[in-house]
Amino acid sequence: MRPVPQPTEISRPFWEATRRGELRVQRCGDCGRMWWTPQLACPECLSERYEWARVSGRATLYSWSVVHRPADPVAFADEIPYVVAIVQLEEGPHMLTNVVGCEPGELRARMPLEVAFEPLTDEITLYKFRPAAARS
Ligand SMILES: [Zn+2]
């Protein structure tokens, strides 16, 4: 059984958005700072006024690790090797995710990525990133 993310009261809007094919992060209603992961208050000014702002889904690769021996080798057997990465969204926040759609050896720091949604259950759609389509 693959582990399934369990939305909390604070993260539920994030997961509702991914299910609709939208990537959203919190944006402070006082200072405008955007952040992720979901938290009750702005990390900049501690304001608890925020909205869930839709972001472009464009990002660059910040850091990554190739997983050959996952903590749960049964659940992820058909995924090995997979890439756990930190990407930086075009809008600024960093996000922990997976990079799919290319070989681990093709990964390069700061390479352009775009979000890719992957339904896991009726409720949960995972957000992953893949190499951005070449733009002319
Ligand atoms: Zn703020």
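Check the entry above for the structure.
Residues numbered from 1 in each chain as written. Predicted model: local features only at pLDDT ≥ 70, side-chain atom pairs only at ≥ 80, totals over all residues. Heavy atoms only, no water.

Draft legend 1. View of a nonpolar patch on the surface. Taken together, the side chains of Tyr62, Ile86 and Leu96 define a hydrophobic patch exposed on the protein surface, amounting to about 300 Å² of accessible area. Relative to the elements of secondary structure, tyrosine 62 occurs in strand S4 (residues 58–67). (Patch = residues over 30% accessible without salt bridge, like charges linked within 9 Å, V, L, I, M, F, W, Y side chains within 5 Å. Areas by Shrake-Rupley, 256 points an atom, 1.4 Å probe, with all protein chains shown as cover. Salt bridge = Lys/Arg side-chain N within 4 Å of Asp/Glu carboxyl O. Helix = DSSP H or I, 4+ residues; strand = E, 2+ residues; numbered from the N terminus.)

Draft legend 2. The packing of aromatic side chains, seen in detail. Evaluated as defined, the whole model comprises 8 aromatic pairs. Pairing phenylalanine 14 with tryptophan 36 gives two aromatic rings, centres 5.9 Å apart and planes at 55°, and the pair type is tilted. Placement of the pair is phenylalanine 14 in helix H1 (residues 12–19) and tryptophan 36 in the loop between strand S2 (34–35) and strand S3 (50–54), with a sequence separation of 22 residues. With respect to class, phenylalanine 14 is no different from tryptophan 36; both count as buried. Their ring planes at 85° and their centres at 6.4 Å tell us that tyrosine 50 and tryptophan 52 sit as a pair that is edge-to-face. (Phe/Tyr/Trp six-rings, centres within 6.5 Å; stacked < 30°, edge-to-face > 60°. Buried < 20%, exposed > 50% of the residue type's maximum accessible area, 1.4 Å probe, protein only.)

Draft legend 3. Expanded view of the pattern of salt bridges. For the structure on display, the rule yields 11 salt bridges. Where arginine 2 meets glutamate 79, a salt bridge forms, and the shortest distance between an N and an O atom there is 3.0 Å. Within this pair, whereas arginine 2 is found in the segment before H1, its partner glutamate 79 is found in the loop between S4 and strand S5 (82–89), the two being separated by 77 residues in sequence. The exposure class assigned to arginine 2 is partly exposed, which follows from its relative accessible area of 22%. Of the residues examined, glutamate 79 reaches a relative accessible area of 25% and is grouped as partly exposed. Salt-bridge contacts for arginine 49 lead to aspartate 30; the nearest nitrogen and oxygen are separated by 3.0 Å. Of this pair, arginine 49 sits in the loop between S2 and S3 while aspartate 30 sits in the loop between strand S1 (24–28) and S2, and the two are 19 residues apart along the sequence. In this structure arginine 49 comes out as partly exposed when scored by relative accessible area, which is 48%. In the salt-bridge network here, residues are joined through shared partners; they are Arg20, Glu22, Arg24 and Arg54.

Draft legend 4. Region of the structure containing the sheet that holds S1. Here 3 strands make up an open sheet; going across it, the order is S2-S1-S3 and the pairing antiparallel. This sheet does not close on itself; its edge strands, each paired only once, are S2 and S3. (Pairing = 2+ DSSP bridges.)

Draft legend 5. Expanded view of the coordination of the zinc ion. Only Cys28 (SG), Cys31 (SG), Cys42 (SG) and Cys45 (SG) from the protein reach the zinc ion as donors, at distances of 2.3 to 2.4 Å. Angles of 104 to 119° at the metal separate the 4 donor atoms of the zinc ion, which places the site in the tetrahedral class. Each donor residue of the zinc ion lies on one chain, and together they are spaced C-x2-C-x10-C-x2-C. Residue cysteine 31 is classed as partly exposed on the basis of its relative accessible area, which comes to 40%. (Donors = N, O, S within 2.8 Å, 3.2 Å for Na, K, Ca; no water. Tetrahedral: all angles 85-135°; square planar, octahedral: opposite > 155°, others 65-115°.)

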